[in-house]
Amino acid sequence: MAHGDFHERLAKVTEEISMNQDSAFLFFKRGKLYFHHEEYPAALKDLQQATVLGLEDRFCDLFFAKTYQQLDSLEQALLYIEKIERKDTANVVALKTKAQIYFEQKYYQLSALTFEEVITKSKRTVPQNYLDAAKSWELLNTETGKFNALNILQQGISQLGPLFTFYIEIRELHLRSKDFEKALDAQKKLIKRANRKETALYEAAEICLLSNNKEAAKEYLLLGLGAVQTLPLRLKSNKAITTLQQKMENTLLKL
C-alpha cells in the first residue's frame, strides 16, 4: 500500500467513524489499515474497540492473532488461533500462523508438524510451506530432524515438481551438515535443469573444493568457462558474467 494512499484511506475511514462511532465494522476496517501499514499498537486498539462494539468474526480473530504476533505477544496470539480452530479446523491461514508462532517460540517440532498439516489441508499448497517445514525439522539438530527435513523436500518435488528452490535447499542442508557428496548430487540436478549452466558449474566446483577434490573441481571450472564461451556476446560482456569468469580463472590458477 502506497504511503500517500494509506493516509487518504485512513483519513476517510476516520471521518466515517466520527459519524458512526458505534460501527464495529468501521473500527475493524481501520484496524486492518493500521495492520497493513505496520502500525500494530493502533491496529490492536481498533480491533479491541470493534470487539467491544460486538464484532465476532473469525477474520477479526485472525487479525488479532497476527497483530499480537507482530507485537511479540505470542501466547496471546495462540489464544486467538485456538479460538478460530474451535470453529474452523480447516482454516489453513490460521494454521500457518500457528506454525510460524511455534517457530518463533523455538518449538521446532511443533512448528514442523504444523507446517506439514498446512500442506495436507491446503487445496493448493506452495513451495514455501515445504521449505518452512524443512527448516523447522532441521533446527531440531538431530539425525531424525535432518531425515524429516530431506523427506519433506522430496515430498515437495513429488507433489510440485523438480523446482530449483527445493534442490537448492537440499544442497544447502547437506552443506550445513558437511555431507559434501550428497550436496554435489543435488548440485548435479541443478546443473541438469539449468538453461544456463555457468553459475551452477562454478558452484559444483566450490563444493568439490570443500571436500578437497581438486581434480573434480578443475573439471567443473573448465566446463564453466566453456559454458561462458557459448554465451552471446551481449551476455559475455555483462559485469556479473565477467566477474564469474574471473573467479573461475583465478580458482583454476590456484589448483
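Definitions and cut-offs
- Residues numbered from 1 in each chain as written.
- Predicted model: local features only at pLDDT ≥ 70, side-chain atom pairs only at ≥ 80, totals over all residues.
- Heavy atoms only, no water.
- Phe/Tyr/Trp six-rings, centres within 6.5 Å; stacked < 30°, edge-to-face > 60°.
- Buried < 20%, exposed > 50% of the residue type's maximum accessible area, 1.4 Å probe, protein only.
- Helix = DSSP H or I, 4+ residues; strand = E, 2+ residues; numbered from the N terminus.
- Axes fitted to C-alpha atoms, helices over the stretch in contact; angles between N-to-C directions.
- Parallel < 35°, antiparallel > 145°, perpendicular 65-115°, else oblique.
- Left-handed = near helix turned anticlockwise from the far one by under 90°.
- Contact = heavy atoms within 4.5 Å.
- Nonpolar A, V, L, I, M, F, W, Y, C, P; charged D, E, K, R; others polar.
- Core = buried A, V, L, I, M, F, W, Y, C linked by side-chain atoms within 4.5 Å.
- Salt bridge = Lys/Arg side-chain N within 4 Å of Asp/Glu carboxyl O.

**Student:** What am I meant to see in the packing of aromatic side chains here?
**Tutor:** To describe a pair of aromatic rings, one takes the distance between the centres and the angle between the planes. Counted by the stated rule, this structure contains eleven aromatic pairs. Ring plane angle 65° and centroid distance 5.5 Å describe the contact between Phe35 and Tyr40, whose orientation is recorded as edge-to-face. Considered together, Phe35 and Tyr40 belong to a single accessibility category, that of buried residues. With a centroid separation of 5.9 Å and an interplanar angle of 20°, the aromatic rings of Tyr68 and Tyr80 are classed as stacked. On the criterion of sequence distance, the pair formed by Tyr68 in helix α4 (residues 58-70) and Tyr80 in helix α5 (residues 74-87) is long-range, its members being twelve residues apart.

**Student:** Whenever I open this one, the packing of helix α12 (residues 198-210) against helix α15 (residues 239-254) confuses me. Can you help?
**Tutor:** Pairs of packed helices are described in terms of their axes, by the angle between the two and the distance that separates them. Contact geometry for α12 and α15: axes closest at 11 Å, N-to-C directions at 30°. Compared by their axis directions, α12 and α15 come out roughly parallel. As for the relative orientation of α12 and α15, their crossing is left-handed in sense. Taking contact as the criterion, the partners of Glu198, Thr199, Tyr202 and Leu209 in α12 are, on α15, Ile241, Leu244, Lys247, Met248 and Thr251. Of the residues assigned to the contact of α12 with α15, the class counts are five nonpolar, two polar and two charged.

**Student:** Explanation requested: unusual backbone geometry in the structure shown.
**Tutor:** Glycine aside, residues mostly have negative phi angles, and peptide bonds mostly take the trans form. Non-glycine residue Asp72 carries a positive phi angle of around 65°. Here Asp72 lies in the loop between α4 and α5. Classification of Asp72 as exposed rests on a relative accessible area of 57%. Phi is positive for Lys106, which is not a glycine, with a value near 70°. For Lys106, the location among the structural elements is in the loop between α6 (92-104) and α7 (108-121).

**Student:** When you look at the nonpolar core in this model, what are you seeing that I'm missing?
**Tutor:** Where a protein is soluble and globular, its nonpolar side chains tend to be buried together. Ranked by size, the top nonpolar core spans 30 residues in total, and within it Phe28, Leu47, Phe64, Tyr68, Ile81 and Ile101 carry the most contacts. At the level of secondary structure, the elements contributing two or more residues to this core comprise α1 (3-19), α2 (24-36), α3 (40-52), α4, α5 and α6. Ile101 has contacts with Gln69, Leu74, Ala77, Leu78 and Ile81, leaving out every residue within four places of it along the chain. Grouped together as the second largest cluster of nonpolar side chains are 25 residues, Phe180, Ala183, Cys208 and Tyr220 included.

**Student:** I would appreciate a short explanation of the pattern of salt bridges in the present structure.
**Tutor:** A side chain with one charge may pair with a side chain of the opposite charge, provided their charged atoms come close. Throughout the structure, instances matching the rule amount to 14 salt bridges. Across the pair Asp61 and Lys83 runs a salt bridge whose closest N-O atoms are separated by 3.4 Å. Here Asp61 is found in helix α4, whereas its partner Lys83 is found in helix α5, with 22 residues between them in sequence. Judged by relative accessible area, which is 3%, Asp61 ranks as buried. Judged by relative accessible area, Lys83 falls into the partly exposed class, the value being 23%.

**Student:** I would appreciate a short explanation of the packing of helix α8 (residues 127-138) against helix α9 (residues 143-160) in the present structure.
**Tutor:** For the pair α8 and α9, the least separation of the axes is 7 Å and the interaxial angle reads 170°. Considered as vectors, α8 and α9 are oriented roughly antiparallel to each other. Every residue of α9 that contacts α8 at Pro127, Tyr130, Leu131, Ala133, Ala134, Trp137 and Glu138 is listed here: Gly145, Lys146, Asn148, Ala149, Ile152, Leu153, Gln155, Gly156, Gln159 and Leu160. Residue composition of the contact of α8 with α9, by class: ten nonpolar, five polar and two charged.

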